[in-house]
Amino acid sequence: MDFNVKKFASGAGLFFTRAVQYTEEKLGQAERTELDAHFENLMSRADCTKHWTEKIYKQTEYLLQPNPSARIEEFLYEKLDMKAPSRVTNAELLGQYMEDAAKEFGPATPYGSTLMQVGDCERRLGAVEREFIHTSAISFLTPLRNFLEGDWRTISRERRLLENLRLDLDACKARVKKAKAVEAKAACDAAVGPDFQETRPRNYVLSASASALWTEEVEKAEQDLRLAQTEFDRQAEVTRLLLEGISSTHVNHLRCLHEFVEAQAAYYKQGHLHMLELQKELGRLPNAFALNSSHSAATPGASEAIDSPVETETLKIEEVQAPATGTRKAKVLYDYDAADSSELSLLADELITVYTVPGMDSDWLIGEKGNQKGKVPVTYLELLS
């Protein structure tokens with residue numbers, strides 16, 4: 001118990017000394033040991049890294065999981081070291097609702113069959129989204145969180161320790177300076193010598209004794225200063241090494257950023273392909289709008305629109321001729337399998353000639369490669385100048 005009291009008293013005294021030194025520095029009444037410019041730049045760079053890593057981490061969390069309640073739930077599961085239950089994405093839930101509705105309306109009806117196909121596509125989009133969230137969390141979020149909760153905490157702890165040792169060092173410097181000033185005054189008083197007419201010899205003896213005591217105090221203060229300087233230099237070197245490690249952190253985060261971009265690109269590419277496939281499937285549905293035929297017939301001008309040769313006449317590919325002007329080169333972005341004889345199969349990265357003819361759907365072009373000719377979807381092409 002006695003040991004603990006002494007330890008507590010020593011700690012309280014050290015805290016008080018640091019508080020006094022800190023206050024005097026703020027008031028401009030005490031000198032402060034300044035770190036070199038390189039060290040200050042390292043600390044500024046580390047603070048900047050922590051600031052923006054924190055912001056990027058939080059915003060990425062919002063991107064991957066916009067629901068705040070779900071984020072809180074995942075945080076609690078993580079802190080409790082429990083595996084979070086698998087969560088259905090919004091797209092998967094929408095797809096399930098569409099498929100259930102299709103069963104109610106009848107999958108054989110135009111609306112029901114379309115709901116079934118769209119619902120299936122939405123479920124696949126949701127699965128792709130879930131895979132993207134999982135991949136991004138592992139390859140991007142986890143390294144950022146490890147830095148904030150691991151490396152940065154270590155750096156902050158060592159910086160606090162360095163600041164405390166600096167306060168101790170400056171307090172020792174102030175103590176040495178004060179002791180030397182008092183020693184010099186005591187030595188000056190002792191050098192004058194006794195005046196037996198005006199000063200009693202006893203005062204001279206006390207002055208000489210005080211000079212010796214202050215000499216001992218100066219020696220002790222200088223010894224404490226050397227010890228404080230050694231501890232401060234050692235801690236400064238440790239902190240410097242940790243701060244220089246921020247460069248390695250940037251390299252690691254750069255690699256993780258590339259992985260995040262790759263995951264996001266794959267996510268959008270797969271989603272785009274699924275939607276193109278869905279558009280293609282919906283275009284093959286016969287009489288998709290048959291239920292509205294009676295309403296269309298009753299609409300003024302509808303009969304003229306139905307009888308329009310542009311609307312009803314089937315495009316015959318073998319009769320299509322390339323125009324004298326208006327043809328362009330196009331690069332194929334993705335493989336495409338022709339649905340029927342009027343379409344042209346494509347391979348990624350090949351170059352073809354494309355043009356349009358009057359009455360064609362704006363989503364399609366006529367493509368030619370060698371002796372082959374057929375309709376090609378615009379979304380699979382990159383038109384070249």
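Owing to the predicted nature of the structure, the values given are computational and were not obtained by experimental measurement.

Asker: Can you walk me through the side chain of serine 342 in this structure?
Answerer: Among the structural elements, serine 342 can be located in the loop between β1 (328-332) and β2 (351-355). The class of serine 342 is buried, set by a relative accessible area of 17%. Side chain to side chain, serine 342 and aspartate 340 meet in a polar contact 2.5 Å long.

Asker: What should I look at first to understand the packing of helix α2 (residues 37-64) against helix α7 (residues 246-284) in this one?
Answerer: A packed helix pair is summarised by two numbers, namely the angle formed by the two axes and the spacing between the axes. With their axes 12 Å apart at the nearest point, α2 and α7 run at an angle of 20° to one another. For the element pair α2 / α7, the angle class is roughly parallel. Like other packed secondary-structure pairs, α2 and α7 cross with a definite hand, here left-handed. For the pair formed by α2 and α7, the contact residues are Arg45, Ala46, Thr49, Thr53, Thr60 and Leu63 on the first element and Ile246, Ser247, His250, His253, Phe260 and Gln264 on the second. Residue classes in the contact of α2 with α7 are distributed as four nonpolar, seven polar and one charged.

Asker: How should the sheet that holds strand β5 (residues 381-383) be read in this particular structure?
Answerer: To summarise the sheet geometry, strands pair through backbone hydrogen bonds and adopt either a parallel or an antiparallel arrangement. With respect to topology, five strands assemble into an open sheet ordered β4-β3-β2-β1-β5, the strand pairing being antiparallel. Where the open sheet ends on each side, the last strands, each with one partner, are β4 (372-377) and β5. Averaged over all pairs of adjacent strands, the angle between their axes in this sheet comes to 40°, without regard to strand direction. Of the strand pairs in this sheet, β1 and β5 are connected by three bridges, and their pairing is antiparallel. Across the sheet, the residue bridging to alanine 330 is leucine 383, located in β5.

Asker: Explain the side chain of threonine 33 here, please?
Answerer: The topology assignment puts threonine 33 in the loop between α1 (2-26) and α2. Looking at threonine 33, the relative accessible area reads 14%, which means it is buried. A polar side-chain atom of threonine 33 sits 2.4 Å from a polar atom in the side chain of aspartate 170. At 3.0 Å, the side chain of threonine 33 forms a polar contact with the side chain of lysine 173. Each residue touching threonine 33, except ones within four places of it in the same chain, is listed here: Arg166, Leu169, Asp170 and Lys173.

Asker: Would you mind showing me how to read a nonpolar patch on the surface here?
Answerer: Taken together, Ile72, Leu76, Leu80 and Met82 make up a surface patch of nonpolar side chains, about 420 Å² in accessible area. For isoleucine 72, a relative accessible area of 53% translates into the label exposed.

Asker: Where do I start with the environment of leucine 161 in this structure?
Answerer: Structurally, leucine 161 is set in helix α5 (residues 110-192). The exposure class assigned to leucine 161 is partly exposed, which follows from its relative accessible area of 38%. Between the alpha carbons of leucine 161 and phenylalanine 232 there is a distance of 9.2 Å; along the sequence they are 71 residues apart.

Asker: Would you mind showing me how to read the confidence of the model for the protein here?
Answerer: The predicted structure's coordinates, where accompanied by low pLDDT, should not be read in detail. Predicted confidence across the protein gives a mean pLDDT of 81, with 79% of residues reaching 70 or more. Within the protein, the lowest mean pLDDT, 37, falls on helix α10 (residues 309-312), and the highest, 94, falls on α2.

Asker: I'm lost on the environment of aspartate 170 in this one. Help?
Answerer: Note on placement: aspartate 170 falls in helix α5. Distance in space between the C-alpha atoms of aspartate 170 and glutamate 31 is 7.0 Å, their sequence separation being 139 residues. At 2.5 Å, the side chain of aspartate 170 and the side chain of arginine 166 are in polar contact.

Asker: I keep staring at helix α4 (residues 90-105) and nothing clicks. Help me out?
Answerer: Because the α-helix completes a turn every 3.6 residues, residues three or four places apart line up on one side. When the terminal C-alpha atoms of α4 are compared, their 22 Å separation across 16 residues agrees well with the 22 Å that a helix rising 1.5 Å per residue should span. Every buried residue of α4 is accounted for by Ala91, Glu92, Gly95, Met98, Glu99 and Ala102. The buried residues of α4 occupy one face: seen down the axis, they fall within an arc of 120°. Those residues of α4 that are exposed and aimed more than 90 degrees away from the buried face are Asn90, Tyr97 and Glu104. At the exit of α4 stands glycine 106, carrying a positive phi of roughly 105°.

Thresholds applied
- Residues numbered from 1 in each chain as written.
- Predicted model: local features only at pLDDT ≥ 70, side-chain atom pairs only at ≥ 80, totals over all residues.
- Heavy atoms only, no water.
- Helix = DSSP H or I, 4+ residues; strand = E, 2+ residues; numbered from the N terminus.
- Buried < 20%, exposed > 50% of the residue type's maximum accessible area, 1.4 Å probe, protein only.
- Polar contact = N/O pair within 3.5 Å; in protein donor to acceptor, adjacent residues only side chain to side chain.
- Axes fitted to C-alpha atoms, helices over the stretch in contact; angles between N-to-C directions.
- Parallel < 35°, antiparallel > 145°, perpendicular 65-115°, else oblique.
- Left-handed = near helix turned anticlockwise from the far one by under 90°.
- Contact = heavy atoms within 4.5 Å.
- Nonpolar A, V, L, I, M, F, W, Y, C, P; charged D, E, K, R; others polar.
- Pairing = 2+ DSSP bridges.
- Patch = residues over 30% accessible without salt bridge, like charges linked within 9 Å, V, L, I, M, F, W, Y side chains within 5 Å.
- Areas by Shrake-Rupley, 256 points an atom, 1.4 Å probe, with all protein chains shown as cover.
- Salt bridge = Lys/Arg side-chain N within 4 Å of Asp/Glu carboxyl O.
- pLDDT = per-residue confidence, 0-100.
- Expected span 1.5 Å × (residues − 1).
- Arc of directions from axis to C-beta.

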